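What follows is the residue order along each chain.
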Amino acid sequence: MLKIIQSKNGHLIPIKDNISIHSRYNPIDEGKKYAERFLNSGKKNNSLIVIGLGFGYHIFPLLKSYQDIIIYEKDVEFITNIPSELKDKLQKCQIIQDLKLLDFKKKYDIYLIPVMEKFYPGIVEEITVLLQSEVDFDYSNLRIMLNFPIYGGSFTTSVYVK
């Protein structure tokens, strides 16, 4: 169950399984430090996958650096309980709960703050493998149209082959 408390400087922070997702003292400064460290490690792409929503303090500093931000959050409690003033800041972002919703044609940077590793063990490797593998294609609805002339003439006809 998600618990929401106020940090020492007055910002709301979520607690899940007795683990504070953000700093209990200054979640904004903590988010800036994580983001600076991440950006200094070398931005490679224009799209970003953020693992874990929390209340977004670790995401806000990245909004200017990326054109496309996807937040993967499988726990609906974070999505439904984020305060509206914080949620409004994330309007540029898309929140998904299923990795299959990623656009596999894009190249992404992956951003994971240390506390999220406890909730998403092995997720970076899972996403990396998913993005590098070929996308599964459903052939059950595939139809192929063949065009050919009728009896050697120039008038063509078409049929679907299943």
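1. A word on unusual backbone geometry
Thinking step 1. The backbone of Asp17 sits at a positive phi, close to 55 degrees, despite the residue not being glycine.
Thinking step 2. Structurally, Asp17 can be placed in the loop between β2 (12–16) and β3 (19–20).
Thinking step 3. One non-glycine residue, Asn18, lies in the positive phi region at around 65 degrees.
Thinking step 4. Along the polypeptide, Asn18 turns up in the loop between β2 and β3.
Thinking step 5. Relative accessible area serves as the criterion here: at 69%, Asn18 is assigned to the exposed category.

2. A word on the confidence of the model for the chain
Thinking step 1. Residues at a pLDDT of 70 or more form 82% of the chain, whose mean pLDDT is 85.
Thinking step 2. In this model, residues 156–161 is a region of pLDDT below 50 whose contacts with residues beyond four sequence positions or in other chains number 19 contacts.

3. Re the sheet that holds strand β4 (residues 47–51)
Thinking step 1. Strand order in this open sheet of 4 strands is β6-β5-β4-β7, and the pairing throughout is parallel. Taken across any chain shown, the strands that pair with only one partner, and hence form the sheet edges, are β6 (94–96) and β7 (108–111). The sheet shows a mean angle of 25 degrees between the axes of neighbouring strands, direction not considered.
Thinking step 2. Here β4 runs beside strand β5 (residues 68–72); their pairing, made up of 5 bridges, is parallel. From the neighbouring strand, Ser47 faces β5, where its bridge partner is Asp68.
Thinking step 3. Strands β4 and β7 of the sheet are contacted by helix α1 (residues 27–40), whose axis makes an angle of about 140 degrees with β7.

4. Structural notes on the environment of Leu99
Thinking step 1. Along the chain, Leu99 turns up in the loop between β6 and β7.
Thinking step 2. Leu99 gets classed as buried once you look at its relative accessible area, which sits at 6%.

5. Details of the packing of aromatic side chains
Thinking step 1. On inspection of all chains with the given rule, the structure shows 3 aromatic pairs.
Thinking step 2. For the ring pair Phe38 and Tyr111, a centre distance of 4.6 Å and an interplane angle of 45 degrees mean the geometry is tilted. Of this pair, Phe38 sits in helix α1 while Tyr111 is found in strand β7, placing the two residues 73 residues apart along the sequence.
Thinking step 3. With 6.0 Å between their ring centres and 85 degrees between their planes, Tyr57 and Phe60 make a pair best called edge-to-face.
Thinking step 4. For Lys43, the ring lying beneath its charged end belongs to Tyr66, and the centroid distance is 4.9 Å.
Thinking step 5. The residue whose ring lies beneath Lys89 is Phe60, and the NZ or CZ to ring-centre distance is 5.0 Å.

6. With respect to the pairing of strand β1 (residues 2–6)
Thinking step 1. Inspection of the sheet shows β1 paired to β2 by 5 bridges, in the antiparallel sense. Its bridge partner being in β2, Ile4 is matched across the sheet by Pro14.
Thinking step 2. Where β1 folds back on β2, the antiparallel hairpin that results is connected by 5 residues, among which Gly10 adopts a positive phi of roughly 95 degrees.

Conventions adopted
Residues numbered from 1 in each chain as written. Predicted model: local features only at pLDDT ≥ 70, side-chain atom pairs only at ≥ 80, totals over all residues. Heavy atoms only, no water. Helix = DSSP H or I, 4+ residues; strand = E, 2+ residues; numbered from the N terminus. Buried < 20%, exposed > 50% of the residue type's maximum accessible area, 1.4 Å probe, protein only. pLDDT = per-residue confidence, 0-100. Contact = heavy atoms within 4.5 Å. Pairing = 2+ DSSP bridges. Axes fitted to C-alpha atoms, helices over the stretch in contact; angles between N-to-C directions. Phe/Tyr/Trp six-rings, centres within 6.5 Å; stacked < 30°, edge-to-face > 60°. Lys NZ or Arg CZ within 6 Å of the ring centre and 35° of its normal.

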